[in-house]
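Structural characterization, general
Spelled out, the chains give:
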Amino acid sequence: MNKIRKDDEVIVIAGSDKGRRGKVAARVDANHIVVEGVHTVKKNVRPNPMKGEAGGVVSRDLAIHQSNVAIYNPATGKADRVGFKTLGDGAKVRVFKSSGEQIKG
C-alpha cells in the first residue's frame, strides 16, 4: 500500500522546487511520481501531421522521487508523515502521524 497516491496534495521537501505544493497527477513507477506544477521543463516538440499535433515549445511536468515530497496536512498547513491504522471492520486506512486523523481519499 503506497503512502502517497494519485490526487494527494503534497509539498516538496527537497530539491530545486522545495516548498512548492501540488497535486499528484500520476505514479510513474514504484518510486517516482508526477506532481502538477513541480519540476516543469520546456520541451521542443516536432509537428506530427498524422496526429494533427502542432510543433513548438511545450511545458511538461517530469517525475520526481517520492522521497522528495511529503503529504500536505491542511489542518496544520505543513508537511506530515503518513501512518496506517486498521479500523474495527478490518479496513486499513492512512492517517497523519501528527494528529492521527484519517487522510481523505
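Residues numbered from 1 in each chain as written. Predicted model: local features only at pLDDT ≥ 70, side-chain atom pairs only at ≥ 80, totals over all residues. Heavy atoms only, no water.

Section: unusual backbone geometry
Positive phi is not limited to glycine here, since Asp-7 has a value of about 75°. Structurally, Asp-7 can be placed in the segment before β1 (9-12). Phi at His-39 takes a positive value of approximately 60°, unusual for a residue other than glycine. Along the chain, His-39 turns up in the loop between β3 (32-35) and β4 (40-45). (Helix = DSSP H or I, 4+ residues; strand = E, 2+ residues; numbered from the N terminus.)

Re the pattern of salt bridges
Pairing between side chains of opposite charge can happen when the charged atoms of each approach one another. Under the criterion given, the structure shown has four salt bridges. The partner of Glu-101 in a salt bridge is Lys-104, with the nearest N and O atoms 4.0 Å apart. When its relative accessible area of 36% is taken as the criterion, Glu-101 is described as partly exposed. (Salt bridge = Lys/Arg side-chain N within 4 Å of Asp/Glu carboxyl O. Buried < 20%, exposed > 50% of the residue type's maximum accessible area, 1.4 Å probe, protein only.)

Brief notes about the sheet that holds β3
Across the sheet, which stays open at both edges, the six strands sit in the order β6-β3-β2-β1-β7-β8 with antiparallel pairing between neighbours. Of all strands in the sheet, those bounded by a partner on one side alone are β6 (63-65) and β8 (78-80). Taking the axes of each pair of neighbouring strands and ignoring which way they run, one obtains an average angle of 60° across the sheet. Looking at chain direction, β1 and strand β2 (residues 21-27) are connected through three bridges and run antiparallel. When the sheet's bridge partners are listed, Val-10 is paired in β2 with Gly-22. (Pairing = 2+ DSSP bridges. Axes fitted to C-alpha atoms, helices over the stretch in contact; angles between N-to-C directions.)

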